Amino acid sequence: MKTFAIELKNAEDAVKLVTVTSEFAYEIELKSGDMLADGKSIMGAMAMTGKPSLELVVHAEQCEDLLKELEDFLCGGGRPAKP
């Protein structure tokens, strides 16, 4: 499992995120504080839009292909938010 800091500014960002994450077989979640949402759900992504300290939690060890697709949303150059 890897965690990355991301930012979703608006509904358009949420739609793009879900469009990309839905293409991958592994589980992906969005987390902000104690809130957790499915990273492949448009409703979940919309609920997380504008949240501070938003994290993308990827349940896979190799996810470079996903990170390339989501580079516009990543904070800190795609480095894991937590070790």
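Residues numbered from 1 in each chain as written. Predicted model: local features only at pLDDT ≥ 70, side-chain atom pairs only at ≥ 80, totals over all residues. Heavy atoms only, no water.

**Student:** Can you explain the sheet that holds strand S3 (residues 35-38)? Please cite residues and give values.
**Tutor:** The sheet built from four strands is open, its strands ordered S1-S4-S2-S3 with antiparallel pairing. The outermost strands of the open sheet, each flanked by one partner alone, are strand S1 (2-5) and S3. For this sheet, the mean angle separating the axes of adjacent strands, direction not counted, is 25 degrees. Relative to strand S4 (residues 55-58), strand S2 (residues 28-32) runs antiparallel, the two sharing four bridges. (Pairing = 2+ DSSP bridges. Helix = DSSP H or I, 4+ residues; strand = E, 2+ residues; numbered from the N terminus. Axes fitted to C-alpha atoms, helices over the stretch in contact; angles between N-to-C directions.)

**Student:** Kindly report on the side chain of aspartate 13, identifying the contributing residues and their values.
**Tutor:** Counting through the fold element by element, aspartate 13 comes out in helix H1 (residues 11-21). Among buried charged residues, aspartate 13 stands out as having no salt bridge; its nearest opposite-charge side chain is lysine 9, 6.0 Å away. Not counting residues within four places of it along the chain, the set of residues in contact with aspartate 13 comprises Glu7, Leu8 and Phe73. (Buried < 20%, exposed > 50% of the residue type's maximum accessible area, 1.4 Å probe, protein only. Lys, Arg positive; Asp, Glu negative; His and termini not counted. Salt bridge = Lys/Arg side-chain N within 4 Å of Asp/Glu carboxyl O. Contact = heavy atoms within 4.5 Å.)

**Student:** Mind laying out the pattern of salt bridges, listing which residues take part and the relevant values?
**Tutor:** Oppositely charged side chains are able to pair whenever their charged atoms sit close together. Throughout the structure, instances matching the rule amount to one salt bridge. A salt bridge links aspartate 72 to lysine 16; the nearest nitrogen and oxygen atoms lie 3.4 Å apart. Here aspartate 72 is found in the segment after helix H3 (64-69), whereas its partner lysine 16 is found in helix H1, with 56 residues between them in sequence. Take aspartate 72: its relative accessible area is 62%, and that puts it in the exposed class. Given a relative accessible area of 39%, lysine 16 falls into the partly exposed group.

**Student:** Which residues make up H1, and what values go with them?
**Tutor:** All buried positions along H1 are accounted for by Asp13, Ala14, Leu17, Val18, Val20 and Thr21. End-on, the buried residues of H1 take up no more than an arc of 160 degrees, which puts them together on one face. Residues of H1 that are buried sit in contact with S2, helix H2 (42-48), S4 and H3. The backbone nitrogen of glutamate 12 has a side-chain oxygen 3.2 Å away, supplied by the residue at the start of H1, namely asparagine 10. (Arc of directions from axis to C-beta. Polar contact = N/O pair within 3.5 Å; in protein donor to acceptor, adjacent residues only side chain to side chain.)

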